[in-house]
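Listed below are the residues making up each chain.
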Amino acid sequence: QVQLVESGGGLVQAGGSLRLSCAASGSIFSINTMGWYRQAPGKQRELVAAITSGGSTNYADSVKGRFTISRDNAKNTVYLQMNSLKPEDTAVYYCAADITIATLDRSDYWGQGTQVTVSS
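In this text the structure is predicted, and so the values were computed from the model without any measurement.

## Some remarks on the overall build of the chain
Okay, so step 1: On a plain count of helices and strands, the chain comes out with zero helices and 11 strands.
Okay, so step 2: The order of α-helices and β-strands along the chain, N terminus first, is β-β-β-β-β-β-β-β-β-β-β.
Okay, so step 3: Computed over the C-alpha atoms, the radius of gyration of the chain is 14 Å, within 12% of the 14 Å expected from 2.2 N^0.38 for a compact globule of 120 residues.
Okay, so step 4: Principal-axis analysis of the C-alpha atoms places the extent of the chain at approximately 50 × 25 × 25 Å.
Okay, so step 5: Taken over 120 residues, the chain has a buried fraction of 41%.
Okay, so step 6: For the chain, the proportion of contacts with a sequence separation of at least 24, taken over those separated by at least 6, is 56%.
Okay, so step 7: A total accessible area of about 6,300 Å² is found for the chain, and carbon and sulfur atoms account for 46% of it.
Okay, so step 8: Both charge centroids of the chain, one from 10 positive and one from 9 negative side chains, sit 5 Å from each other.

See the structure below:
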């Protein structure tokens, strides 16, 4: 099947930077849109940023100008560069991808999540 494995979370001071990575593996035929979501304690999961297979991007208003999403199609990997981090960016960050597998079935897949904590 398909797995999404995230890495790069951690603890950082306000104003600092982190880079998240998410690699997809398995019986993949193609990967369509990839994205990052986050969920803070007591809040709903929200979209942070997404990128299509062609490279078009969109961002949540709260992260525009600070976060950059990118992908390496050859490596089936999506990245989230997070700069000027704020305490309110503290959350579990999840990678998600719209993937067509070898049988041509298409589904959304999710990573296990990685904790990002920004201290003030």
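Additional details are given in the paragraphs that follow.
## Observations regarding the sheet that holds strand E8 (residues 77–82)
Okay, so step 1: The sheet built from four strands is open, its strands ordered E1-E3-E8-E7 with antiparallel pairing. Edge positions in the open sheet fall to strand E1 (2–7) and strand E7 (67–72), since each of these has one partner strand only. Ignoring strand direction, the axes of neighbouring strands in this sheet form an average angle of 15 degrees.
Okay, so step 2: Sheet topology places E7 next to E8; six bridges connect them, and they run antiparallel. Along E8, the bridge assignment pairs Arg71 with Val78.

## Some words on unusual backbone geometry
Note: most peptide bonds trans; most residues except glycine with negative phi.
Okay, so step 1: At Ser84, a residue that is not glycine, the phi angle is positive and equals roughly 50 degrees.
Okay, so step 2: Among the residues examined, Ser84 registers a relative accessible area of 41% and is labelled partly exposed.
Okay, so step 3: The phi dihedral of Leu104 is positive, around 75 degrees, even though this residue is not glycine.
Okay, so step 4: With respect to the helices and strands, Leu104 occurs in the loop between strand E9 (91–101) and strand E10 (106–110).

## Examining the side chain of Thr100
Okay, so step 1: By secondary structure assignment, the location of Thr100 is in strand E9.
Okay, so step 2: Not counting the four nearest positions on each side in its chain, Thr100 is found in contact with Ile28, Phe29, Ser30, Asn32, Asp105 and Arg106.

## Some words on the pattern of salt bridges
Okay, so step 1: Summed over all chains, the structure comprises five salt bridges.
Okay, so step 2: Measuring nitrogen to oxygen at the nearest pair gives 3.1 Å for the salt bridge that ties Lys64 to Asp61.
Okay, so step 3: Arg66 is the salt-bridge partner of Asp89, the closest N and O atoms lying 2.7 Å from each other. Separated by 23 residues along the polypeptide, Asp89 in the loop between E8 and E9 and Arg66 in the loop between strand E6 (57–59) and E7 bring together distant segments of the chain. For the residue pair Asp89 and Arg66, the accessibility class agrees, reading buried in each case.
Okay, so step 4: Salt bridges linked by common partners bring Arg38, Glu46, Arg66 and Asp89 together as one network.

## So, the packing of aromatic side chains
Okay, so step 1: Evaluated as defined, the whole model comprises one aromatic pair.
Okay, so step 2: Ring centres of Tyr37 and Trp110 lie 4.9 Å apart, and the angle between their planes is 55 degrees; on these two criteria the pair is classed as tilted. In this pair, Tyr37 sits in strand E4 (residues 28–39) while Trp110 sits in strand E10, placing the two residues 73 residues apart along the sequence.
Okay, so step 3: Assessed through its relative accessible area of 26%, Tyr37 is described here as partly exposed.
Okay, so step 4: One residue, Arg19, lies across the ring of Tyr79, its end atom 4.1 Å from the ring centre.
Okay, so step 5: For the cation-ring pair, Arg45 lies above Trp110, with the distance from its terminal atom to the ring centre recorded as 4.9 Å.

Definitions and limits used
Residues numbered from 1 in each chain as written. Predicted model: local features only at pLDDT ≥ 70, side-chain atom pairs only at ≥ 80, totals over all residues. Heavy atoms only, no water. Helix = DSSP H or I, 4+ residues; strand = E, 2+ residues; numbered from the N terminus. Rg over C-alpha atoms; globule rule 2.2 N^0.38 Å. Buried < 20%, exposed > 50% of the residue type's maximum accessible area, 1.4 Å probe, protein only. Contact = heavy atoms within 4.5 Å. Areas by Shrake-Rupley, 256 points an atom, 1.4 Å probe, with all protein chains shown as cover. Lys, Arg positive; Asp, Glu negative; His and termini not counted. Charge placed at Lys NZ, Arg CZ, Asp CG, Glu CD. Pairing = 2+ DSSP bridges. Axes fitted to C-alpha atoms, helices over the stretch in contact; angles between N-to-C directions. Salt bridge = Lys/Arg side-chain N within 4 Å of Asp/Glu carboxyl O. Phe/Tyr/Trp six-rings, centres within 6.5 Å; stacked < 30°, edge-to-face > 60°. Lys NZ or Arg CZ within 6 Å of the ring centre and 35° of its normal.

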